[in-house]
Amino acid sequence: MKLRAKASRQASIEMGDHNGTDYVGINELPSSSGNTVRKVSVLPLIFLIFYEVSGGPFGVEDSVQAAGPLLALLGFLIFPLIWSIPEALITAEMGTMFPENSGYVVWVSSALGPYWGFQQGWMKWLSGVIDNALYPVLFLDYLKSGIPSLGGGLTRVIAVLILTVILTYMNYRGLTIVGWVALFLGIFSILPFVVMGFVSVPKLSPSRWFVMDLESVDWNLYLNTLFWNLNYWDSISTLAGEVENPKRTLPKALFYALILVVLGYFFPLLVGTGAVPLDRELWTDGYFSEIAKILGGVWLRWWIQAAAAMSNMGMFVAEMSSDSFQLLGMAERGMIPEFFAKRSRYGTPSVGILFSASGVILLSWMSFQEIVAAENFLYCFGMILEFIAFVRLRMRYPAASRPYKIPLGTGGAILMCVPPTLLICVVLAFSSFKVMVVSVIAVVIGLVMEPCLNYVQKKRWIKFSISSDLPDIQGITSEETESLII
């Protein structure tokens, strides 16, 4: 690590801006030797982040069913302040500090040692694959009202398999393609809600927005729905090595994506809850298409359904890109076997894509609520490690080059992490016993897997290697930071 001569010269800047200084960072080199594939620019990156986190309001309907209109609307205004903004800010700082494909894995490794870095990678990859298993389910849920045979049985199973294969192939063809596809899908998915907003104006009744009954709130469903729809800001960090000038592009893209995500949730909820009489039981997956039919007719319903289908495609390809490039980054760090670092002729991690797609198919039998709860549980553990790594690196290396730095001192950085950490504890506390048991088993598997892989490497049964293009993180941390695992 090359530190700046004077820490005071490193100006704190607002998210999305750059202070014009040429930094000598921790990782100035590309993440993969010989990778000449075209990099992702800022506009496609905004929509990749949009699909990593949101993809539109499809899936937020359960928040109204769980808590009513007022709490649903307030949740999507207040929750971003507690969770999304801190996570996005940390991703901007750490992602520009370590612009490589292992993303949050190298953050934790540099602060806590490779053992905990591997645990971070395992939990985040698994939660990402579980999350991705949800999108074929949502895709078919929005189409089943028009095509009832997709509601279950063999037809649904075949449809999930075909959809997974098509979208996996799209990931195989290249991240640049995925980025521009995400942009066009995003525009197509947002437009019908703008139209729905205009046609709803004569039917809006503001009094409907203030309906609340605290005694009937399903807090578990409510919190899981908010958490699922507003997390995964850090997922884009595993694509940092594929981004054009990530030290400038990443903070800017996160800033605009944050605005897009919050508006993309709040506006449709405002329209849907204000223009249609409330029946909380109807507010479930796919209900926005029914609202569209009530307000604008069958044509608008079909447009919303098509937008939902396209949105779920966008979320699938964005999440799979993140998951597969994370495996590539871990392989380049020598944490998992070398074959995971193999790229296709399109520059994509072919083995990582196959592993991620296989996990999606195996988990696609789970219900919507089970998938959301399971991925949230695992994701919470990973975020705790990220917060610890962020604070520890701030304390250990205050003068390290940070092309984007959150304009807070060490004390402020710690305080910023307190509300989301408390929120994590609440989400974990509301988890069902079944989800808790399955998630703890998954965590234990990771705790055992890392020493097993070390043994395999020691016996040379499978080849492991560290990319020569990457800086020596262990050399950075071993001098001043004592690893938690000796």
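Conventions used here
- Residues numbered from 1 in each chain as written.
- Predicted model: local features only at pLDDT ≥ 70, side-chain atom pairs only at ≥ 80, totals over all residues.
- Heavy atoms only, no water.
- Helix = DSSP H or I, 4+ residues; strand = E, 2+ residues; numbered from the N terminus.
- Contact = heavy atoms within 4.5 Å.
- Areas by Shrake-Rupley, 256 points an atom, 1.4 Å probe, with all protein chains shown as cover.
- Phe/Tyr/Trp six-rings, centres within 6.5 Å; stacked < 30°, edge-to-face > 60°.
- Buried < 20%, exposed > 50% of the residue type's maximum accessible area, 1.4 Å probe, protein only.
- Lys NZ or Arg CZ within 6 Å of the ring centre and 35° of its normal.
- Axes fitted to C-alpha atoms, helices over the stretch in contact; angles between N-to-C directions.
- Parallel < 35°, antiparallel > 145°, perpendicular 65-115°, else oblique.
- Left-handed = near helix turned anticlockwise from the far one by under 90°.
- Nonpolar A, V, L, I, M, F, W, Y, C, P; charged D, E, K, R; others polar.

Comments concerning the overall build of the chain
Step number 1: When helices and strands are tallied, the chain shows 17 helices and zero strands.
Step number 2: Expressed as a percentage of contacts within the chain between residues at least 6 apart in sequence, the contacts between residues at least 24 apart total 86%.
Step number 3: Carbon and sulfur atoms make up 68% of the accessible area of the chain, which amounts to about 19,000 Å² in all.

Quick look at the packing of aromatic side chains
Step number 1: The final tally for this structure, using the stated rule, is 20 aromatic pairs.
Step number 2: Considering the side-chain rings of F193 and F288, the 5.5 Å spacing of their centres and the 85 degrees angle between planes classify their relative orientation as edge-to-face. One end of the pair, F193, is in helix α8 (residues 175-200); the other, F288, is in helix α11 (residues 287-296), and 95 residues separate them in sequence. One exposure class covers both F193 and F288, and it is buried.
Step number 3: Each member of the aromatic cluster is reached from another via a ring pair, and the members are F79, W83, F227, Y232, Y379 and F387.
Step number 4: A cation sits over an aromatic face here: K124 above Y104, 4.3 Å from the ring centre.

With respect to the packing of helix α3 (residues 69-97) against helix α9 (residues 219-229)
Step number 1: Their axes nearest at 10 Å, the elements α3 and α9 cross at an angle of 55 degrees. If you check the angle between α3 and α9, you find them oblique. Here the hand of the crossing between α3 and α9 comes out right-handed. Counting all contacts with α3, which are made through L71, A72, G75, F76, F79 and W83, the residues of α9 involved are W219, Y222, L226, F227 and N229.
Step number 2: Its residues assigned to classes, the contact of α3 with α9 comprises nine nonpolar, two polar and no charged.

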